[in-house]
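# Residue-level structural notes
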Amino acid sequence: MQSNNKKLIVYFSLSGTTKKAAEKIQTATGADIVQLEPRKAYPAGYENYTEVAKRQLDNDLHPAISTEIKNWTQYETIFVGFPTWWQQPPMIIHSLFEQFDFTAKTVVPFTTSMSTPIADSMAYFTELVSSSNAKLTAGFRYNNDDQALDTFLQANGLV
């Protein structure tokens, strides 16, 4: 990739795990970083927010986003991070692709999960990206292995 390729990390995190992954990527790449926030906050507590998330999934509800991303057009590479819920990205990730124009951008997905590999959610993510005219790269699941993250970033020309 070109050295002038402007990078952005957009991530959604409720427990802090995906935030930690996003911050590790930022340290390695120097990319700008933005946390994706829903307009209506999820309720506190795992049991409570998973109930809302499951209802969104079951009813194909895409929550409104309150996050503003300044100078969106300047970014060429967008890292999109999310926890894997029911083998797929949370519905707010659908909202991200609806609200922002990903045309001609390179999208690098990353996920966090205790056990679900990124391959399980890639079919859903691929559909989001293909409908946005963006280029999808390989993705990765961050599981606190910083060496594996560095290897992925280097192997894909992201650092």
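Residues numbered from 1 in each chain as written. Predicted model: local features only at pLDDT ≥ 70, side-chain atom pairs only at ≥ 80, totals over all residues. Heavy atoms only, no water.

## Some points on the packing of helix α1 (residues 17-29) against helix α5 (residues 146-155)
Two numbers describe how α1 lies on α5: the axes approach to 11 Å, and their chain directions differ by 50 degrees. On the basis of their axis angle, the class for α1 and α5 is oblique. Classified by chirality, the crossing of α5 by α1 is right-handed. Residues Lys24, Ile25, Ala28 and Thr29 of α1 pack against Asp146, Leu149, Asp150 and Leu153 of α5. Tallied by class, residues from the contact of α1 with α5 come to 4 nonpolar, 1 polar and 3 charged. (Axes fitted to C-alpha atoms, helices over the stretch in contact; angles between N-to-C directions. Helix = DSSP H or I, 4+ residues; strand = E, 2+ residues; numbered from the N terminus. Parallel < 35°, antiparallel > 145°, perpendicular 65-115°, else oblique. Left-handed = near helix turned anticlockwise from the far one by under 90°. Contact = heavy atoms within 4.5 Å. Nonpolar A, V, L, I, M, F, W, Y, C, P; charged D, E, K, R; others polar.)

## Considering the layout of surface pockets
The calculated volume of the largest pocket comes to roughly 520 Å³. Within the residue set of the lining of the largest pocket, elements represented by two or more residues are α1, α2 (46-58) and β6 (140-142). Per-class residue counts for the lining of the largest pocket are 8 nonpolar, 12 polar and 2 charged. Put simply, the second largest pocket is a space of about 220 Å³. Tallied by class, the residues present in the lining of the second largest pocket amount to 8 nonpolar, 2 polar and 3 charged. (1 Å grid on protein atoms, 1.4 Å probe; cavity = no way out; pocket = protein on both sides within 12 Å on 5 of 7 lines; lining within 4 Å. Points joined across faces, edges and corners; volume = space filled by probe spheres on them.)

## Side note on the environment of isoleucine 78
Tracing the chain through its elements places isoleucine 78 in strand β3 (residues 77-83). Note on isoleucine 78: relative accessible area 0%, which makes it buried. Residues isoleucine 78 and alanine 155 lie 77 residues apart in sequence; the distance between their C-alpha atoms is 17 Å. Apart from the residues within four sequence positions on either side, isoleucine 78 is in contact with Leu8, Val10, Trp72, Phe102, Lys105, Thr106, Val107 and Val108. (Buried < 20%, exposed > 50% of the residue type's maximum accessible area, 1.4 Å probe, protein only.)

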